[in-house]
2 protein chains.
Amino acid sequence: MTYCVGLLLKAGMVLLSDTRTNAGLDNIATYRKMFTFEEPGERCIVILTAGSLSVTQTTLAQLREGIEHPETEETPSIMQAHTMLDVAEIVGNTLASVRQDIDAKMQASKVSTAASMIVAGQRRGGAMRMFLVYPEGNFIEATEDTPYLQIGEHKYGKPILDRVVTPDTSLDDARKAVLLSMDSTLRSNLSVGMPLDFAVVEKDACRLSRVERIEAENESFRAMSQAWSNALRDGFQKIEI
Amino acid sequence: MTYCVGLLLKAGMVLLSDTRTNAGLDNIATYRKMFTFEEPGERCIVILTAGSLSVTQTTLAQLREGIEHPETEETPSIMQAHTMLDVAEIVGNTLASVRQDIDAKMQASKVSTAASMIVAGQRRGGAMRMFLVYPEGNFIEATEDTPYLQIGEHKYGKPILDRVVTPDTSLDDARKAVLLSMDSTLRSNLSVGMPLDFAVVEKDACRLSRVERIEAENESFRAMSQAWSNALRDGFQKIEI
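Where an unreviewed UniProt entry is consulted, chain A appears under the name Peptidase, with the organism given as Pararhodobacter marinus.

Following this line, the structure appears as structure tokens:
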């Protein structure tokens with residue numbers, strides 16, 4: 001499994017993904033699930049992926065092909081699409097068609113080919129937008145009321161987001177919130193694993209403001225995880241009931 | 001959906017269930033999901049249920065039938081079974097056979113008839129034991145390593161249990177832990193709802209030491225929920241990153 005989360009805030013967009021993939025329980029590997037596309041100052045797109053690795057890899061390959069060879073028109077270039085809505089549509093259509101192709105090959109076995117993606121970005125002159133693309137290619141969008149989107153093992157890490165994230169959350173607090181949300185997921189579910197990929201796209205920058213890989217041995221992540229455990233235990237002890 | 005949780009601690013067993021049932025999203029009702037069977041000082045059994053309401057209700061009806069008419073031997077009496085393991089087997093067999101019956105009627109529609117149960121209890125002279133009975137009738141047991149069992153919407157409320165519950169947790173702390181675990185679930189999932197049913201069976205008492213229905217307007221539950229929110233937000237603010 002996977003856990004990926006994206007926050008759409010007034011100050012910018014904050015994205016985090018894990019890197020663990022598994023085919024069954026005993027075939028575990030590390031694969032990047034965050035993909036960035038950037039023409040600094042003009043356009044910046046971040047895609048997070050969950051689900052069947054063969055489907056997400058092929059989809060990304062086709063999207064890259066579309067960027068490199070926009071003239072073929074097989075897959076339109078997400079770097080030339082007029083709006084972020086068009087980008088979401090290109091990703092959704094590509095994902096759905098790749099899934100259909102692979103499904104046809106997989107019919108005999110019962111392996112799931114479902115995959116979903118978070119697509120976040122901004123083009124110059126447009127607004128920041130963030131979409132969750134479903135396996136069928138349709139999508140929903142993050143809004144002020146629900147300023148975050150999750151894919152994969154989303155339940156363990158949802159309570160902390162529900163409590164602390166609003167559109168006014170600062171980018172620093174947002175980083176803390178997604179890392180703690182991931183920390184809860186890592187603790188409760190073996191199929192989500194370090195290292196993590198983290199990215200920030202500040203409002204109207206149309207470029208990656210910060211990109212970071214957080215390794216398992218990262219001291220500050222460990223310290224944060226420990227401080228959060230302590231804060232929870234202290235809070236727990238102090239509550240009267 | 002449902003959320004039920006049981007803790008098996010050195011000091012006793014602590015159980016909590018919600019009461020919301022839904023057929024689709026617009027047909028919501030309140031049904032008890034905690035059922036107690038007691039011969040004080042001799043035997044005490046608590047059953048928590050999740051899943052298809054028609055399956056769990058029919059299973060409970062047959063178990064009660066078995067207690068009232070042990071001579072018929074259709075369903076052996078869980079109040080006369082020699083061990084808690086036998087009780088778990090009776091519950092598992094009854095659940096599986098009821099499910100098969102109802103499945104046969106439901107084949108045309110695609111409605112799920114899956115249901116699971118937590119069965120906790122102690123008979124005089126035996127140990128406290130707690131089982132999770134799967135829809136197929138097989139079961140697993142809580143142990144020192146994993147002193148809690150959950151059924152229904154278990155993911156939202158798992159992180160807090162993972163952090164604070166050990167076999168040495170006191171019964172008061174255990175009450176706090178399961179209520180906070182439920183609180184996280186209530187906040188993140190509409191299909192789990194108040195009121196709650198809470199029960200404690202102290203070690204070797206072989207009786208219900210405490211039974212309580214917690215209503216939506218319960219002041220101390222609300223205060224606890226608020227205090228926990230505040231503790232999380234304070235803890236969150238204090239963490240350096």
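Right, picking up where we left off after that structure.
We now examine the packing of aromatic side chains. Considering all chains together, one arrives at two aromatic pairs over all chains under this definition. Ring centres of A:Phe131 and A:Phe139 lie 5.4 Å apart, and the angle between their planes is 75 degrees; on these two criteria the pair is classed as edge-to-face. A:Phe139 sits in the partly exposed class, given a relative accessible area of 24%. Residue placement shows A:Lys176 over the ring face of B:Phe236; its charged tip is 4.7 Å from the ring centre.

As a further point, take the relation of the copies chain B and chain A. Mapping chain B onto chain A calls for a screw motion: a turn of 180 degrees about the axis and a shift of 0.0 Å along it, with 0.0 Å RMSD after fitting. Overall, the copies show the geometry of a two-fold rotation axis. Minimal C-alpha separation from the rotation axis in chain B is found for B:Tyr156, amounting to 2.4 Å. A high fraction, 100%, of the interface residues of chain B reappear at the interface in chain A, so the copies pair face to face through one surface.

On to the sheet that holds strand E7 (residues 115–123) of chain B, then. Residues and elements named next belong to chain B. Ordered by their spatial adjacency, five strands build an open sheet running E5-E6-E7-E8-E9, and the pairing between neighbours is antiparallel. Lying at the two open borders of the sheet, with one neighbouring strand each, are strand E5 (34–39) and strand E9 (139–141). Looking at each pair of strands side by side, their axes are set apart by 15 degrees on average, direction ignored. As paired elements, E5 and strand E6 (residues 43–51) share six bridges and run antiparallel to each other. Its bridge partner being in E6, phenylalanine 37 is matched across the sheet by isoleucine 45. Sheet contacts for helix H2 (residues 84–106): E6, E7, strand E8 (129–133) and E9; angle to E7, the most-contacted strand, approximately 155 degrees.

Every contact between the two is made by 32 residues of chain B and, on the other side, 32 residues of chain A. Taking both sides of the interface into account, the surface hidden between chain B and chain A amounts to around 3200 Å²; carbon and sulfur atoms contribute 64%. Of all residues in chain B, the largest losses of buried area upon contact with chain A belong to B:Arg163, B:Phe236 and B:Ile241, amounting jointly to 28% of the total for that side. The tally of links between chain B and chain A comes to 18 residue pairs in polar contact (both at pLDDT 80 or more). When residues of the side of chain B that touches chain A are traced back to their parent elements, those giving at least two are helix H3 (158–164), helix H4 (171–188) and helix H5 (219–238) of chain B. Its residues assigned to classes, the side of chain B that touches chain A comprises 15 nonpolar, six polar and 11 charged.

Looking now at helix H2 (residues 84–106) of chain A. Residues and elements named next belong to chain A. Over its 23 residues, H2 runs 32 Å from end to end, which matches the ideal 33 Å to within 8%, given 1.5 Å per residue. Taken together, the buried positions of H2 are occupied by Met84, Val87, Ala88, Ile90, Val91, Gly92, Thr94, Leu95, Ala96, Val98 and Ile102. For H2, the elements touching its buried residues are strand E6 (43–51), helix H1 (53–68), strand E7 (115–123), strand E8 (129–133) and strand E9 (139–141). Sitting at the amino-terminal end of H2 is threonine 83, which places a side-chain oxygen 3.3 Å from the backbone nitrogen of leucine 85.

Proximity of charged atoms lets side chains of opposite charge pair with each other. If you walk through the whole model with that rule in mind, you get 31 salt bridges over all chains. Between A:Asp204 and A:Lys203 there is a salt bridge, with the nearest N and O atoms lying 3.8 Å from each other. For the salt bridge of B:Glu42 with B:Arg124, the shortest nitrogen-to-oxygen distance reads 2.9 Å. In this pair, B:Glu42 sits in the loop between E5 and E6 while B:Arg124 sits in the loop between E7 and E8, placing the two residues 82 residues apart along the sequence. The exposure class of B:Arg124 is exposed, given its relative accessible area of 55%. If you follow the salt bridges from partner to partner, you end up with A:Arg32, A:Asp197 and A:Arg213 in one network.

It is worth spelling out the nonpolar core at this point. Of all hydrophobic cores here, the largest spans 64 residues; its most connected members are A:Leu7, A:Val14, A:Trp228, B:Leu7, B:Val14 and B:Trp228. Excluding residues that lie within four positions of it along the chain, A:Trp228 makes contacts with A:Ile160, A:Leu180, A:Asp183, A:Ser184, B:Arg163, B:Leu232, B:Gly235, B:Phe236 and B:Ile239.

Further remarks concern the environment of A:Asn22. Residues and elements named next belong to chain A. As for its placement among the helices and strands, asparagine 22 is situated in strand E3 (residues 20–22). Judged by its relative accessible area of 29%, asparagine 22 is partly exposed. Sequence spacing of asparagine 22 and lysine 176 is 154 residues, and the spatial spacing of their C-alpha atoms is 27 Å. With residues up to four places along the chain from it excluded, the contact list for asparagine 22 reads Met1, Asn27, Ile28 and Ser191.

Calculation criteria
- Residues numbered from 1 in each chain as written.
- Chains lettered and ligands numbered in written order.
- Predicted model: local features only at pLDDT ≥ 70, side-chain atom pairs only at ≥ 80, totals over all residues.
- Heavy atoms only, no water.
- Phe/Tyr/Trp six-rings, centres within 6.5 Å; stacked < 30°, edge-to-face > 60°.
- Buried < 20%, exposed > 50% of the residue type's maximum accessible area, 1.4 Å probe, protein only.
- Lys NZ or Arg CZ within 6 Å of the ring centre and 35° of its normal.
- Least-squares fit on C-alpha atoms with pLDDT ≥ 70 in both.
- Contact = heavy atoms within 4.5 Å.
- Pairing = 2+ DSSP bridges.
- Helix = DSSP H or I, 4+ residues; strand = E, 2+ residues; numbered from the N terminus.
- Axes fitted to C-alpha atoms, helices over the stretch in contact; angles between N-to-C directions.
- Buried area = accessible area lost by both parts, 1.4 Å probe.
- Polar contact = N/O pair within 3.5 Å; in protein donor to acceptor, adjacent residues only side chain to side chain.
- Nonpolar A, V, L, I, M, F, W, Y, C, P; charged D, E, K, R; others polar.
- Expected span 1.5 Å × (residues − 1).
- Salt bridge = Lys/Arg side-chain N within 4 Å of Asp/Glu carboxyl O.
- Core = buried A, V, L, I, M, F, W, Y, C linked by side-chain atoms within 4.5 Å.

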